[in-house]
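Residues per chain are reported as follows:
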Amino acid sequence: MKFKKFGSKWVVSINIGEEVVETLKKFCEDNKIKLGTINGIGAVKKATIGFYNLETKKYYPKELDGDYEITSLLGNISTMNGEVYLHLHINLADSNYNTLGGHLNSAVIGGVGEFIIEEIEGEIERGFNEDVGLNLLFQ
Ligand code: FE
């Protein structure tokens, strides 16, 4: 992983074989980024995405194996119990140009991973909301 900082923005490159969610979380922890936005493009060779069912209040994961373009990764940074908490969503395109998308659980970089993080000065602590069954920014 390599990065450069410009003002409140960080340009981050994640290498082939590195896992995106863990790498970005550690990056935010190391650089004390507690609130902000993330966007990214690149390619993965493996990913697990999820769909949240409001009725069962459960995530249903889908594992993808093979090469996919990251046509869009969007997310935010906050904290929960004082720890960095990333909420990331992703769209992935296959070799037939079809896209799949969802909540991002994990993804391993294939070709490249190019991310831009914009830090917001401040802090928002997530909390669990029982009605929705999720950790929300504002309960
Ligand atoms: Fe989500």
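See above for the structure.
These lines cover the structure that appears in this document, whether it is placed above or below. (Residues numbered from 1 in each chain as written. Predicted model: local features only at pLDDT ≥ 70, side-chain atom pairs only at ≥ 80, totals over all residues. Heavy atoms only, no water.)

## Some points on helix H1 (residues 20-30)
Among all positions of H1, only Val20, Val21, Thr23, Leu24, Phe27 and Cys28 are buried. Projected down its long axis, H1 carries its buried residues within an arc of 170 degrees, all on one side. Contacts from the buried residues of H1 go to strand E1 (2-6), strand E2 (9-14), strand E3 (36-53), strand E4 (58-80), strand E5 (83-93) and strand E6 (99-119). Immediately downstream of H1, the backbone of Lys32 shows phi near 55 degrees, a positive value. (Buried < 20%, exposed > 50% of the residue type's maximum accessible area, 1.4 Å probe, protein only. Helix = DSSP H or I, 4+ residues; strand = E, 2+ residues; numbered from the N terminus. Arc of directions from axis to C-beta. Contact = heavy atoms within 4.5 Å.)

## Observations concerning the coordination of the iron ion
Octahedral metals with six donors have ideal donor angles of 90 or 180 degrees. Tetrahedral metals with four donors have an ideal donor angle of 109.5 degrees. Taken together, His87 (NE2), His89 (NE2) and His103 (ND1) make up the full set of protein donors to the iron ion, lying 2.1 to 2.2 Å away. Along the chain, the residues donating to the iron ion fall in the pattern H-x1-H-x13-H. Of this pair, His87 sits in strand E5 while His103 sits in strand E6, and the two are 16 residues apart along the sequence. The partly exposed category is assigned to His87, whose relative accessible area is 25%. On the basis of relative accessibility, which here comes to 14%, the residue His103 falls in the buried class. (Donors = N, O, S within 2.8 Å, 3.2 Å for Na, K, Ca; no water.)

By themselves, these observations are geometric and do not establish any function.
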